[in-house]
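Report on the structure
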Amino acid sequence: GGGVTIGGGEATVQWEFAQAFLRKCKENFIHTAVDTCGFTVSEQAFNVLAEADLLLYDIKGMDNEGHIKNTGQSNELILSNLKRLDALGIPIIIRLPLIPGETDSDENIEETAQFLSTLKNLDRVDLMNYHEFGRAKYAQIGLDYTLALTPLTDERLSEIIGIFDKYAIKTQIGG
């Protein structure tokens, strides 16, 4: 089958192009997906997400203060947009970055699973384990890579999957 995924940065920032592109794909019976952080502040940007056949939607933490600390933005609009999109019946794959010491706590995982269990169109959750793929990119542009974190172990990833299992949420590692 295949299809097209619009990513970015944030695809909805270029909402005019993204919307025209999605519509052209649909006219040609091409399945569409949009990869988003969900921080869409305009109705035009939201409408881009609403036109997709599938959403790849990032959740970077449920605690609003931690979300602001880690991303510079509140998660309130992101979670609100997710509920609005779910109500439209669009299939959703959640992408959950697991950053040691930031987003991997049992409390955050439990709260995320509780929230996601209320969605009607959740296809699955993709656990995105921390990695250092950006280290080479930093070196290429002359910056020091200062994060000194260790990816979660397979045992810890299994524990996290177990939390989602309690809520009957299909979960996989990677995406």
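The structure under discussion appears in the preceding block.
Residues numbered from 1 in each chain as written. Predicted model: local features only at pLDDT ≥ 70, side-chain atom pairs only at ≥ 80, totals over all residues. Heavy atoms only, no water.

**Topic: the sheet that holds strand E4 (residues 92-98)**
An order of E1-E2-E3-E4-E5-E6 is seen for the six strands of this open sheet, with the pairing classed as parallel. The open sheet is flanked by strand E1 (4-6) and strand E6 (171-173), the only strands paired with a single partner. Between one strand and the next, the sheet's axes are offset by a mean angle of 20°, whatever the strand orientation. Sheet analysis places strand E2 (residues 32-36) next to strand E3 (residues 54-58), joined by four bridges and oriented parallel. Following the sheet pairing, Val 34 is matched in E3 by Leu 55. Here helix H5 (residues 106-116) sits on the sheet and contacts E4 and strand E5 (122-129); the angle it forms with E4, its principal contact strand, is near 175°. Relative to the sheet, helix H7 (residues 154-166) contacts E4, E5 and E6, its axis offset from that of E5 by approximately 160°. (Pairing = 2+ DSSP bridges. Helix = DSSP H or I, 4+ residues; strand = E, 2+ residues; numbered from the N terminus. Axes fitted to C-alpha atoms, helices over the stretch in contact; angles between N-to-C directions. Contact = heavy atoms within 4.5 Å.)

**Examining the pattern of salt bridges**
Side chains that differ in charge, positive against negative, can pair when their charged atoms come close. A full pass over the atoms with the stated rule returns 13 salt bridges. One salt bridge in this structure joins Lys 26 and Asp 53, with 2.9 Å as the shortest N-O distance. Residue Lys 26 is found in helix H1 (residues 15-27), and its partner Asp 53 is found in the loop between helix H2 (43-51) and E3; the two are separated by 27 residues along the sequence. Put simply, Arg 124 and Asp 126 hold a salt bridge, and the shortest N to O gap is 2.6 Å. Considered together, Arg 124 and Asp 126 belong to a single accessibility category, that of buried residues. Counted as one network, the salt bridges with shared partners bring together Asp 58, Lys 60 and Arg 95. (Salt bridge = Lys/Arg side-chain N within 4 Å of Asp/Glu carboxyl O. Buried < 20%, exposed > 50% of the residue type's maximum accessible area, 1.4 Å probe, protein only.)

**A short note on the packing of H1 against H2**
The contact between H1 and H2 brings their axes to 9 Å, and the two run at 25°. What the angle tells us is that H1 and H2 run roughly parallel. H2 is crossed by H1, and the crossing has left-handed handedness. On H2, the residues touching Trp 15, Ala 18, Gln 19, Leu 22, Arg 23 and Lys 26 of H1 are Gln 44, Ala 45, Asn 47, Val 48 and Glu 51. A class-by-class count of the residues in the contact of H1 with H2 yields five nonpolar, three polar and three charged. (Parallel < 35°, antiparallel > 145°, perpendicular 65-115°, else oblique. Left-handed = near helix turned anticlockwise from the far one by under 90°. Nonpolar A, V, L, I, M, F, W, Y, C, P; charged D, E, K, R; others polar.)

**Some points on the nonpolar core**
Most often, soluble globular proteins have nonpolar side chains that are buried together. Membership of the largest hydrophobic core comes to 37 residues, with the highest contact counts inside it found for Leu 82, Ile 94, Leu 116, Val 125 and Phe 164. A per-element tally of this core places H7 first, with five residues. Ignoring any residue separated from it by four or fewer positions in sequence, one finds Ile 94 in contact with Tyr 57, Ile 59, Leu 82, Leu 116, Leu 122, Arg 124, Val 125 and Asp 126. (Core = buried A, V, L, I, M, F, W, Y, C linked by side-chain atoms within 4.5 Å.)

**Focus: the pairing of E4**
Among the seven residues in E4, six count as buried, and that is most of the element. Of the pairings in the sheet, the one linking E3 to E4 comprises four bridges and is parallel in character. Among the inter-strand pairings, Leu 56 is bridged to a residue of E4, identified as Ile 93. Note that the unit made of E4, H5 and E5 has a crossover that is right-handed. (Right-handed = clockwise from strand over helix to strand, strands pointing away.)

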